[in-house]
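Remarks on the overall topology
Take a look at the letters that make up each chain.
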Amino acid sequence: MFFKDVIGQQAVKDKLIRSVKEQRVSHTQLFLGSEGTGNLSLALAFAQYVNCEKRPDADSCGKCTSCIKAQKLIHPDVHFTFPTIKAKDRNALSSEYMKEWRAALLENPYLNYLDWVTRIAEENKQGNISADECREVFSKLSLKVFESEYKILILWMPERLGKEGNILLKLFEEPSEKTLILLVAENLNLLLPTIISRSQVLQIPRIDDNSLIDVLINRHDLSRQNAARIVRRADGNYHEALRLINQVEDNNQELFNQWMQVLYKNDISELVKWVEDIAQIGRENQKSFFRYGLEFLHECILMQQVGQQQSRLQEEEKRLATWLSQHMRIEDWQQMAESFDNSHYHIERNAHPKILYMNLSLRLMRMISRKKLSLSA
Ligand SMILES: [Zn+2]
């Protein structure tokens, strides 16, 4: 993997490249970033760069023997450890799952734990990094370097280590020379404190909006408008953006717009019609409607603080937000957001959609008409 294939994260890339050039690469590093930030991709790109035989300025060369093997994930000096499952025909060892691991990673280096485990397990099984795996890591890392300057271990999801992780502590503390251990984690709270204290932590932030928008346009052929809409919902998480791209186009924005207008007009017969319509769209879509509503309100509150220019809302949404903000204050937004949150909860637990939407709408109608009265007074 090249650095250029990792989305955004320029500051992290610069830092990693600088550490190689200035020859102060830490032996044990923790690539810490939430889902979809590219923590694993960065570790892969770093491993390729470190062992590249030419090592140009900003990225690995991609042409030397080391780069070619690294790209295919078959470099003899780059070892992987990840959660596995004990099966009838296989031990819980990463080496026994390499074929699936390579395929999964080449398909999507932004994969998450659930993608991986559902790929290797038939039932609802938990993947773990076993004590046997930890022992195997020990012996792998005591091997001589085959071809490259560095021997590298990429350990994905140390959250899944449990107490077995203590087997590795000595290795983290005193790795042999020219050995790099790259731990790739999402959640600091689930790591053994002894592991954290022995690693140099590299914080990986969410991906910036512009880089993510560019990728959705250039790699996924989305229009700028669609890309911006998805990026707002994905909030710096490429894994989530991929999920949203594959989701069927929704018309939440239009439904929401209609709803607000009906509420504002205080028109009961139009409301009945709107409720009939939304009751038809199915539970998952209804949940997605409330999620959209919550995001929209969140963005409305932000827009009041940062101004229209910097807002992530689309033009049409901005118009609605501006219009609503003439009639609502922050407390009203908050009250509304709370109702959406509750409604999402009840829909998930099989509430009757017609009754739920009707009650909620009538409550909001009363709230809006009280505002209208107080504003005109
Ligand atoms: Zn190279």
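In case you missed it, the structure is sitting above this.
Per chain, residue numbering runs from 1 following the sequence as it is written. Given that this is a predicted model, residues contribute local features only at a pLDDT of at least 70 and side-chain atom pairs are listed and counted only at 80 or more, while totals for whole chains, interfaces and linings are drawn from all residues. Side-chain calculation: all heavy atoms of the structure are included, whereas hydrogens and water are not.

**Side note on the overall build of the chain**
- Secondary structure elements are taken from DSSP: a helix is a run of H or I of four residues or more, a strand is a run of E of two residues or more, and numbering for both begins at the N terminus. When helices and strands are counted, the chain shows 17 helices and five strands.
- Summarising its shape, the C-alpha atoms of the chain cover approximately 80 × 50 × 35 Å along the three principal directions.
- Exposure categories follow from relative accessible area, calculated using a 1.4 Å probe and restricted to protein chains: below 20% of the type maximum is buried, above 50% is exposed, and the middle band is partly exposed. When each of the 377 residues of the chain is scored for burial, the buried share is 51%.
- Considering only intrachain contacts with a sequence separation of at least 6, the fraction spanning at least 24 residues in the chain is 73%.
- Between the averaged position of the 50 positive side-chain charges in the chain and that of its 50 negative side-chain charges there is a distance of 1 Å. It only takes one pair of heavy atoms within 4.5 Å for two residues to be counted as in contact. Just so you know, the count uses Lys and Arg for positive and Asp and Glu for negative, and it drops His and the chain ends. Think of each charge as sitting on NZ of Lys, CZ of Arg, CG of Asp or CD of Glu.

**A closer look at the sheet that holds strand 3 (residues 151-156)**
- In spatial order, the strands read 2-3-4-1-5; together these five strands make up an open sheet with parallel pairing. Here the strands that pair on one side only, and so sit at the sheet edges, are strand 2 (78-81) and strand 5 (200-203). On average, adjacent strands in this sheet sit at an angle of 20 degrees to one another, irrespective of strand direction.
- Strand pairing is defined by DSSP finding a minimum of two bridges between the two strands. As defined by bridge partners, strand 1 (residues 28-32) adjoins strand 5 across four bridges and the pair is classed as parallel. Residue Gln-29 lies in a different strand from strand 5, and its bridge partner there is Gln-200. In this analysis an axis means a line fitted to C-alpha atoms, helices contributing only their contacting stretch, and an angle means the value between N-to-C directions, from 0 to 180 degrees.

**Examining the packing of helix 12 (residues 252-265) against helix 14 (residues 283-306)**
- One way to put it is that helix 12 packs onto helix 14 with a least axis distance of 10 Å and a crossing angle of 70 degrees. As the angle between them shows, helix 12 and helix 14 are arranged roughly perpendicular. For the pair helix 12 and helix 14, contact is made by Asn-252, Gln-253, Leu-255, Phe-256 and Trp-259 and by Asn-285, Ser-288, Phe-289, Tyr-292, Gly-293 and Phe-296, respectively.
- Each residue is assigned to one of three groups, with Ala, Val, Leu, Ile, Met, Phe, Trp, Tyr, Cys and Pro labelled nonpolar, Asp, Glu, Lys and Arg labelled charged, and all others, Gly among them, labelled polar. Classifying every residue of the contact of helix 12 with helix 14 gives six nonpolar, five polar and no charged. Angles are sorted into four bins: roughly parallel if under 35 degrees, roughly antiparallel if over 145, roughly perpendicular if 65 to 115, and oblique for all others.

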